[in-house]
Amino acid sequence: MIYPVILCGGSGERLWPLSGKSYPKQFLELVGDGSLFQQSATRITCETSNPIIVTNEDYRFIVRQQLQEVGIEQADVITEPEGKNTAPAILVAALHVSSRDPSGVMVVMPSDHYIPDQHAFTSMVRDATENIQDGQIICLGVQPSRPETGYGYIKVSDTKKQIIDVEKFVEKPSIELAEKYLSDGSYLWNAGVFIVRAGELLKLAGKQQPEMMQATKAAYENSVNDLDFIGLNPEPWGKIEGDSFDYAFMEKASSIGCKSFKGDWSDLGDWNAMACEKETDTSGNNLIGSAYQIDSKDSLLWSDSEDQVLTGIGLNNIIAVATSDTVLVAHKSKSQEIKTFIEVLKTKGGYQVPENKFEYRSWGSYEILNHKEKYKVKVLKILPGQELSYQKHLFRNEHWIVIQGTATVIKDNVEISVKKNEHIYIDAEVKHKIKNIFSDLLIIIEVQTGTYFGEDDIVRYEST
């Protein structure tokens, strides 16, 4: 049986400001139909088990929601207390698969790559699983189309074989080496997709990474079922020294094969990679949303809001991205340095990095409309039959205006019905709860005033 495993814990910071820690690129509709995560979840069309998702616990609710939007009701979602890179995440998936089917073949995929040819990918998976040898790990290699410095490479010996022999893995090269690899013909891009039998990977881990294996096993075997999620135990998980699957296993394994993928592929790792997937005008410009240009060449102009008009005049090889609260302007040659800038922004206290404007919860979601020193404005969307926890705040007051539906508000143990166009005020220190007992979506504008607006200013009296 084939078990799709989707790794869904990255933050996609090189696509900032569209992608951030709270709402990373895998959940965005950037190219193709649906989000990148939804495309990954539906990518394999041959007979498989339910998908297994390994994600950060902060993303668990949006994972469930986006799966439901594409009709996937049955999926095993495993949540990490903190990110430990890809090697421990894949081991957790192997433990989960092996508990039911030790000979099951895992197809491990990132959640944020773009592979438009679903049929070609399914054919590649079928061929690889039918030809995998005992103890072998198969990686996916893509024929390079340009001298790319943002990808790792795989040097192979014979591209005509069903499963190609791998000579070595090469990290992200300089532009001179990338050009050499492109002309050489024996180097493939490393797509970060792995095919391996779960039980055999666990045996390999016991030999190559015994400490990681022991801690990962303890975290999995002592996990807690929380709602419909499998929450890894944070104590043993915290002891793991994180590492990538390439470093921990692929560069040390004795039996590695490579399957050459003939379809289009991109990891959408930065704005230059994104530009390659978007249509251009006659001057090579990508114009997305309310974006316009005059006398510009080879530039990417992206407006994330209909109300935000972005215009470039006389630009050349420039990236300009505008959201409701942030504008990025960079030369295309500096696209890999955006992640470095974000670390600087974090030290400056820029809320656009640690706090994205969208958050998903078990009860629904909220969007931050405005955030200033003395107030914060949100839109709350509460799903039918859902409710928030009974709680109070120490430092902020809340003013709720119902835009759609009817809110059932519990205020100091008194139940109050608040209908459309009505409002209610909640003082700091007052216990309160919102419930949506009806079948329609409840939408509320929330205006917070006070001295502190962090999400940790909550005293809960019951869980939600």
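Higher on the page you've got the structure.
Given the structure is predicted, the values throughout are model-derived calculations rather than measurements.

**Q** In this structure, what is going on with the nonpolar core? I would like to understand it.
**A** If you look at soluble globular proteins, the nonpolar side chains tend to sit buried side by side. By size, the foremost hydrophobic cluster in this structure holds 68 residues, and its most contacted members are Val63, Leu67, Phe121, Phe261, Trp271 and Trp302. Among residues more than four places away in sequence, those in contact with Phe261 are Ile115, Asp117, Ala120, Phe121, Met124, Leu140, Gly141, Val142 and Gln143. Ranked by size, the runner-up nonpolar core spans 48 residues in total, among them Ile78, Tyr220, Trp237 and Cys258.

**Q** Explain the packing of aromatic side chains here, please?
**A** Aromatic ring pairs: the centre-centre distance and the angle between the two ring planes describe each pair. Tallied over the full model, the rule gives 16 aromatic pairs. Summarising the aromatic geometry, the rings of Phe61 and Phe229 are spaced 5.7 Å apart at their centres and angled 85° between planes, so their arrangement reads as edge-to-face. With Phe61 in helix 2 (residues 60–69) and Phe229 in strand 10 (residues 229–231), the pair connects residues that are 168 residues apart, well separated along the chain. Since its relative accessible area comes to 15%, Phe61 is described here as buried. What makes Phe229 buried here is its relative accessible area of 2%. Ring geometry for Tyr151 and Trp189: centres 4.8 Å apart, planes at 80°, overall edge-to-face. Residue Tyr151 is found in the loop between strand 5 (137–142) and strand 6 (153–156), and its partner Trp189 is found in strand 8 (residues 187–197); the two are separated by 38 residues along the sequence. Both residues of the pair, Tyr151 and Trp189, belong to the buried class. Members of the aromatic cluster, each reached through a chain of ring pairs, are Tyr23, Phe27, Phe37 and Tyr59. Lying across the ring of Tyr366, Lys378 places its NZ or CZ 3.8 Å from the centre.

**Q** What am I meant to see in the pairing of strand 25 (residues 423–426) here?
**A** Residues in a regular strand project their side chains so that they alternate between the two faces of the sheet. Residues of strand 25 alternate between two faces, with Ile424 and Ile426 buried on one and His423 and Tyr425 left unburied on the opposite face. When strand 22 (residues 396–404) meets strand 25, the two strands line up antiparallel, connected through four bridges. Directly across from Glu398, in strand 25, lies its bridge partner Ile426.

**Q** Even after reading the chapter, I still don't get the packing of helix 3 (residues 86–98) against helix 6 (residues 198–208), so can you show me in this structure?
**A** If you want to describe how two helices pack, look at the angle between their axes and the distance between the axes. It is the contact of helix 3 with helix 6, at a shortest axis distance of 8 Å, that shows an interaxial angle of 130°. In terms of axis orientation, helix 3 runs oblique to helix 6. As for how helix 3 packs across helix 6, the hand of that crossing is left-handed. Here helix 3 contributes Ile90, Leu91, Ala94, Leu95, Val97 and Ser98 to the contact with helix 6, which in turn contributes Ala198, Gly199, Leu201, Leu202 and Ala205. Looking at the contact of helix 3 with helix 6 residue by residue, the classes come out as nine nonpolar, two polar and no charged.

**Q** Can you walk me through a nonpolar patch on the surface in this structure?
**A** Taken together, Leu394, Phe395 and Tyr452 make up a surface patch of nonpolar side chains, about 270 Å² in accessible area. You can see Tyr452 is positioned in the loop between strand 27 (442–450) and strand 28 (459–460).

**Q** Can you walk me through empty space enclosed by the protein in this structure?
**A** The gaps left among the atoms become clear once a water-sized probe is rolled over them. A complete count under the given rule lists one cavity of 30 Å³ or more for this structure. If you add up the space inside the largest cavity, you get close to 40 Å³. If you trace the largest cavity, you find it lined by Ser22, Asp58, Ile62, Glu359 and Tyr360. Considered class by class, the residues forming the lining of the largest cavity number two nonpolar, one polar and two charged.

**Q** Just checking my understanding: could you explain the environment of Trp271 for this structure?
**A** Relative to the helices and strands, Trp271 resides in helix 10 (residues 271–276). Judged by relative accessible area, Trp271 falls into the buried class, the value being 1%. Counting along the chain gives 48 residues from Trp271 to Ile319, while the straight-line C-alpha distance between them is 7.4 Å. For Trp271, the contacting residues outside a window of four places in its chain are Arg14, Leu15, Trp16, Leu18, Leu300, Trp302, Ile319, Val321, Leu328 and Ile338. Among the polar contacts made by the side chain of Trp271, one reaches the main-chain carbonyl oxygen of Trp16 at a distance of 3.1 Å.

**Q** Whenever I open this one, the pattern of salt bridges confuses me. Can you help?
**A** Pairs may arise between side chains of opposite charge once their charged atoms sit close together. Under the criterion given, the structure shown has 16 salt bridges. The partner of Arg197 in a salt bridge is Asp134, with the nearest N and O atoms 3.8 Å apart. Note that Arg197 is positioned in strand 8 and Asp134 in the loop between helix 4 (118–131) and strand 5, a separation of 63 residues in sequence. With relative accessibility at 66%, the residue Asp134 sits in the exposed group. As a salt-bridge pair, Glu398 and Arg396 come within 3.1 Å of each other at their nearest N and O atoms. For the pair Glu398 and Arg396, one class covers both residues: buried.

**Q** Just checking my understanding: could you explain the side chain of Glu446 for this structure?
**A** Relative to the assigned elements, Glu446 resides in strand 27. Only 2.9 Å separates the side chain of Glu446 from the side chain of Trp400, close enough to count as a polar contact. The residues touching Glu446, leaving out its near neighbours within four places in the chain, are Lys376, Val377, Lys378, Leu380, Glu398, His399 and Trp400.

**Q** Sorry if this is basic, but what is going on with the environment of Ser439 here?
**A** Tracing the backbone shows Ser439 in the loop between strand 26 (432–435) and strand 27. Considering only alpha carbons, one finds Ser439 and Leu383, 56 residues apart in sequence, at a separation of 8.3 Å.

**Q** Which parts of the structure should I look at to understand the sheet that holds strand 16 (residues 318–322)?
**A** Within a sheet, each strand pairs with its neighbour through backbone hydrogen bonds, oriented either parallel or antiparallel. With mixed pairing, four strands are arranged side by side in an open sheet as 12-14-16-17. Where the open sheet ends on each side, the last strands, each with one partner, are strand 12 (286–288) and strand 17 (327–331). Going across the sheet, the axis of each strand differs from the next one's by a mean of 5°, ignoring polarity. Judged from the three bridges that link them, strand 12 and strand 14 (residues 300–303) form a sheet pairing that is parallel. In the sheet register, Ile288 faces strand 14, and the bridge partner there is Trp302.

Rules used in this analysis
Residues numbered from 1 in each chain as written. Predicted model: local features only at pLDDT ≥ 70, side-chain atom pairs only at ≥ 80, totals over all residues. Heavy atoms only, no water. Core = buried A, V, L, I, M, F, W, Y, C linked by side-chain atoms within 4.5 Å. Buried < 20%, exposed > 50% of the residue type's maximum accessible area, 1.4 Å probe, protein only. Contact = heavy atoms within 4.5 Å. Phe/Tyr/Trp six-rings, centres within 6.5 Å; stacked < 30°, edge-to-face > 60°. Helix = DSSP H or I, 4+ residues; strand = E, 2+ residues; numbered from the N terminus. Lys NZ or Arg CZ within 6 Å of the ring centre and 35° of its normal. Pairing = 2+ DSSP bridges. Axes fitted to C-alpha atoms, helices over the stretch in contact; angles between N-to-C directions. Parallel < 35°, antiparallel > 145°, perpendicular 65-115°, else oblique. Left-handed = near helix turned anticlockwise from the far one by under 90°. Nonpolar A, V, L, I, M, F, W, Y, C, P; charged D, E, K, R; others polar. Patch = residues over 30% accessible without salt bridge, like charges linked within 9 Å, V, L, I, M, F, W, Y side chains within 5 Å. Areas by Shrake-Rupley, 256 points an atom, 1.4 Å probe, with all protein chains shown as cover. Salt bridge = Lys/Arg side-chain N within 4 Å of Asp/Glu carboxyl O. 1 Å grid on protein atoms, 1.4 Å probe; cavity = no way out; pocket = protein on both sides within 12 Å on 5 of 7 lines; lining within 4 Å. Points joined across faces, edges and corners; volume = space filled by probe spheres on them. Polar contact = N/O pair within 3.5 Å; in protein donor to acceptor, adjacent residues only side chain to side chain.

Any link to function would need more than the numbers given here.
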